[in-house]
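Architecture and fold: a report
So you can see what is in the structure, the chains are spelled out below.
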Amino acid sequence: MVELEVAEIIGTIAFALSGFYVAVKEKLDLLGIFIASFLTALGGGLVRDMLASRSPYTFTHLMPSILVIAVIGLSVLFQLHKKDEIEKTFYFIISDTLGLVSFSISGALIALQVEFNFFGVVLMALITAVGGGVIRDILLNRVPLLLTSEFYGTVSLLVGAILFVFAKFDISGYVPLMAVFAFGVALRLLAYYKQWHLPKIG
């Protein structure tokens, strides 16, 4: 499925950049930067593939690892690591948003391929999108962005739910997928800049 491959590429590049920014902020060495970028970009996909009883895409294709290495190399070359307050920069927000939505889509599409039910599709979208970042944050002793950021996981859940409904009505192809992608990106950016949060208890 070409749509799935495109979502994987966009997500890998975007989350590798996101992982790079976090690693630089934590002042990790080069190996630490690679591990943080690799986990952020590919960790969620590894968990997704195991849940779907698939051979991990990351371990059967060279492209994901090459993309991560290329992103790290280009980021160092263009000195993106010298930005102050990296996690508040436009580049970080955009890369993290693109990764979130792209991997939400790829997770949902794979769940639909293996005929998961509604909750399976929605949760696979969430796990694929945030799994790598959660693993990275736990490794770095940080509170996962999923638990603190505006509408972060909610966007992923909504993307999965929409794609499940589309599948039930046989709506497929690039145009519907790009519409879902644009909706997810717009909602995440709007939630970030408007500081939208889900209600809290207490």
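Everything discussed here concerns the structure shown above.
Residues numbered from 1 in each chain as written. Predicted model: local features only at pLDDT ≥ 70, side-chain atom pairs only at ≥ 80, totals over all residues. Heavy atoms only, no water.

**Quick word on the environment of Pro176**
The topology assignment puts Pro176 in helix 8 (residues 174-194). Residue contacts for Pro176: discarding those within four places in its chain leaves Phe166 and Ile171. (Helix = DSSP H or I, 4+ residues; strand = E, 2+ residues; numbered from the N terminus. Contact = heavy atoms within 4.5 Å.)

**A short note on the packing of helix 2 (residues 30-51) against helix 5 (residues 90-113)**
Packing of helix 2 against helix 5 leaves a shortest axis separation of 11 Å and a crossing angle of 10°. The pairing of helix 2 with helix 5 is recorded here as roughly parallel in orientation. The handedness of the crossing between helix 2 and helix 5 is right-handed. Mapping the contact onto sequence places Ala41, Arg48 and Asp49 in helix 2 and Phe103, Ser106, Gly107 and Ile110 in helix 5. When the residues that make up the contact of helix 2 with helix 5 are grouped by side-chain class, the tally is three nonpolar, two polar and two charged. (Axes fitted to C-alpha atoms, helices over the stretch in contact; angles between N-to-C directions. Parallel < 35°, antiparallel > 145°, perpendicular 65-115°, else oblique. Left-handed = near helix turned anticlockwise from the far one by under 90°. Nonpolar A, V, L, I, M, F, W, Y, C, P; charged D, E, K, R; others polar.)

**Here we look at the pattern of salt bridges**
Counted under the stated rule, the structure contains six salt bridges. For the salt bridge of Arg142 with Asp137, the shortest nitrogen-to-oxygen distance reads 3.2 Å. Of the two residues, Arg142 and Asp137, both sit in the buried class. Among the ionic contacts, a cluster of salt bridges with common partners joins Glu8, Arg48, Asp49 and Arg54. (Salt bridge = Lys/Arg side-chain N within 4 Å of Asp/Glu carboxyl O. Buried < 20%, exposed > 50% of the residue type's maximum accessible area, 1.4 Å probe, protein only.)

**Some points on helix 8**
An α-helix turns once per 3.6 residues; consequently, residues spaced three or four apart project the same way. With 21 residues, helix 8 extends 29 Å between its outermost C-alpha atoms, agreeing within 8% with the 30 Å of an ideal straight helix rising 1.5 Å per residue. Restricting attention to buried positions, one finds in helix 8 the residues Pro176, Leu177, Val180, Phe181, Gly184, Val185, Leu187, Arg188, Ala191 and Tyr192. Where the residues of helix 8 are buried, they touch helix 1 (2-25), helix 5 and helix 7 (152-168). (Expected span 1.5 Å × (residues − 1).)

**Some points on empty space enclosed by the protein**
Overall, the coordinates contain three cavities of 30 Å³ or more when judged by the stated rule. There is about 80 Å³ of room inside the largest cavity. What lines the largest cavity is a set of 13 residues, among which Val130, Gly133, Val134, Arg136 and Tyr152 lie closest to the centre. Listed by contribution, the elements that provide at least two residues to the lining of the largest cavity are helix 1 and helix 6 (118-139). Among the elements that line the lining of the largest cavity, the one with the most residues is helix 6, at six residues. Split into classes, the residues belonging to the lining of the largest cavity amount to seven nonpolar, three polar and three charged. (1 Å grid on protein atoms, 1.4 Å probe; cavity = no way out; pocket = protein on both sides within 12 Å on 5 of 7 lines; lining within 4 Å. Points joined across faces, edges and corners; volume = space filled by probe spheres on them.)

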